[in-house]
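Residue-level structure breakdown
In case you want the letters, here they are:
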Amino acid sequence: MTESRTVLITGGAGGIGRGIAAAFLEAGDRVVLADVDEASVTSAAAEIGAAAVVVDIKDAAAVARCLEQVEREHGAVDVLVNNAGILSVHGSVTELDADAYRSIIDVNIVGTFNMTQAVAKRLIARGRGGAIVNISSIGGRQPTPGMGAYESSKAAVDSITRWAAIELAGNGIRVNAVAPGPVLTPMLAMGMPEGSPARAAWTSRIPLGKLADVDDIAPAVVFLAGASAGHITGVSLAVDGGQLLT
Ligand code: NAD
């Protein structure tokens, strides 16, 4: 029997985070959801049987407090899933406002960095290795007009993945990413209902002929965090129905 781990999932109140959490719980791990949205994270955690903490990942001091709380209440973090992100900033390169661009960089890049740094320091001090899985996006490698602010933030997440992987390998800490194409979270499904032109346009770009479900993403995260992926570090695994082939 494998030992159960403490798994911390940022953005755990959201569609993908909640699905990833359910998959780790299924594997027998202790799961803590961390999110800036207190009401949502509290109810999501209660629904699936996880614990909840409130943190704004943009704020390094809040991240430090959050990790102290998690360690005190649930034990040291073995696995970090950097899933929190904002997707809602859209605009062309000629029109996007710089403050809007900064808002996405602050969460998706600086927030991912803050969490990675704080957890990595604790994992190094503990000396037992660990795993970090970042949720990136294939948008970091394939452009869609209007989405470059988000996409460039995810290219940075892929780069942070490699940066941390090479520096932390000597401490037995593996760092990987999962890069989904569009995922049918409840929010995305609402904005892009079945049969809508938007849904058809995205689907036509995907060789396997469908958008991902959350259940297509979560197993890849659990795999990369686990012993079966013990010789894998620094990769960003596309889970995109083949979209990057087109
Ligand atoms: P979501 O909006 O449902 O969830 C994101 C969560 O992050 C929310 O609960 C939000 O409160 C939280 N969050 C935002 N800012 C935060 C902050 N500063 N500190 C802490 N928490 C914060 O989005 P989702 O679709 O579940 O996306 C989750 C991840 O997957 C994101 O990183 C996103 O970029 C990535 N992703 C999503 C898709 C998709 O199609 N949905 C595709 C590829 C990648």
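The following paragraphs examine the structure supplied in this document. (Residues numbered from 1 in each chain as written. Predicted model: local features only at pLDDT ≥ 70, side-chain atom pairs only at ≥ 80, totals over all residues. Heavy atoms only, no water.)

Quick word on the packing of helix α1 (residues 15-26) against helix α8 (residues 214-225)
Remark: α1 packs on α8, axes separated minimally by 8 Å, with the N-to-C direction vectors making an angle of 55 degrees. In terms of axis orientation, α1 runs oblique to α8. Handedness of the crossing formed by α1 with α8: right-handed. Across the interface between the two elements, Gly15, Ile16, Gly19, Ile20, Ala23 and Phe24 of α1 pack against Val214, Ile217, Ala218, Val221, Val222 and Ala225 of α8. The residue inventory of the contact of α1 with α8, partitioned by class, reads ten nonpolar, two polar and no charged. (Axes fitted to C-alpha atoms, helices over the stretch in contact; angles between N-to-C directions. Helix = DSSP H or I, 4+ residues; strand = E, 2+ residues; numbered from the N terminus. Parallel < 35°, antiparallel > 145°, perpendicular 65-115°, else oblique. Left-handed = near helix turned anticlockwise from the far one by under 90°. Contact = heavy atoms within 4.5 Å. Nonpolar A, V, L, I, M, F, W, Y, C, P; charged D, E, K, R; others polar.)

Some remarks on helix α4 (residues 98-126)
Helix length check: α4 (29 residues) gives 40 Å between terminal C-alpha atoms against 42 Å at 1.5 Å per residue, within 8%. Aspartate 106 marks the point of greatest bend in α4, at about 35 degrees. Buried residues of α4: Ile104, Val107, Asn108, Gly111, Thr112, Asn114, Met115, Thr116, Ala118, Val119, Ala120 and Leu123, and no others. Lining the buried residues of α4 we find β1 (6-10), α3 (60-74), β4 (79-82), β5 (130-135), α5 (148-168) and β6 (173-180). Capping the start of α4, aspartate 97 holds a side-chain oxygen 3.1 Å from the backbone nitrogen of aspartate 99, two or three residues further along. Just downstream of α4, glycine 127 is the residue with a positive phi angle, here 75 degrees. (Expected span 1.5 Å × (residues − 1). Bend = angle between axes of the 7 residues up to and from the residue. Buried < 20%, exposed > 50% of the residue type's maximum accessible area, 1.4 Å probe, protein only. Polar contact = N/O pair within 3.5 Å; in protein donor to acceptor, adjacent residues only side chain to side chain.)

A word on the packing of α4 against α5
Packing of α4 against α5 leaves a shortest axis separation of 9 Å and a crossing angle of 15 degrees. Relative to α5, the element α4 is oriented roughly parallel. Seen from above, α4 lies across α5 with right-handed handedness. On α5, the residues that touch Tyr101, Ile104, Asn108, Ile109, Thr112, Phe113, Thr116, Ala120 and Ile124 of α4 are Ala149, Tyr150, Ser152, Ser153, Lys154, Ala156, Val157, Ile160, Trp163, Ala164 and Leu168. Residues belonging to the contact of α4 with α5 are distributed by class as follows: 14 nonpolar, five polar and one charged.

A few points about the side chain of arginine 199
Along the chain, the position of arginine 199 falls in helix α7 (residues 197-203). For arginine 199, a relative accessible area of 12% gives the class buried. Reaching out from arginine 199, the side chain makes a polar contact with the backbone oxygen of methionine 192 at a distance of 2.9 Å. Residues contacting arginine 199, with those up to four places away along its chain left out, are Leu184, Ala189, Met192, Pro193, Glu194 and Leu211.

Notes on the sheet that holds strand β3 (residues 51-54)
Reading across from one edge, β3-β2-β1-β4-β5-β6-β7 is the order of the seven strands in this open sheet, with parallel pairing throughout. With partners counted over all chains shown, the strands left at the sheet margins are β3 and β7 (236-239), one partner each. Here the strands of the sheet are splayed against their neighbours by 20 degrees on average, with no regard to which way each runs. Sheet analysis places β6 next to β7, joined by four bridges and oriented parallel. Residue pairing for β7: valine 178 is matched across the bridge by leucine 237. (Pairing = 2+ DSSP bridges.)

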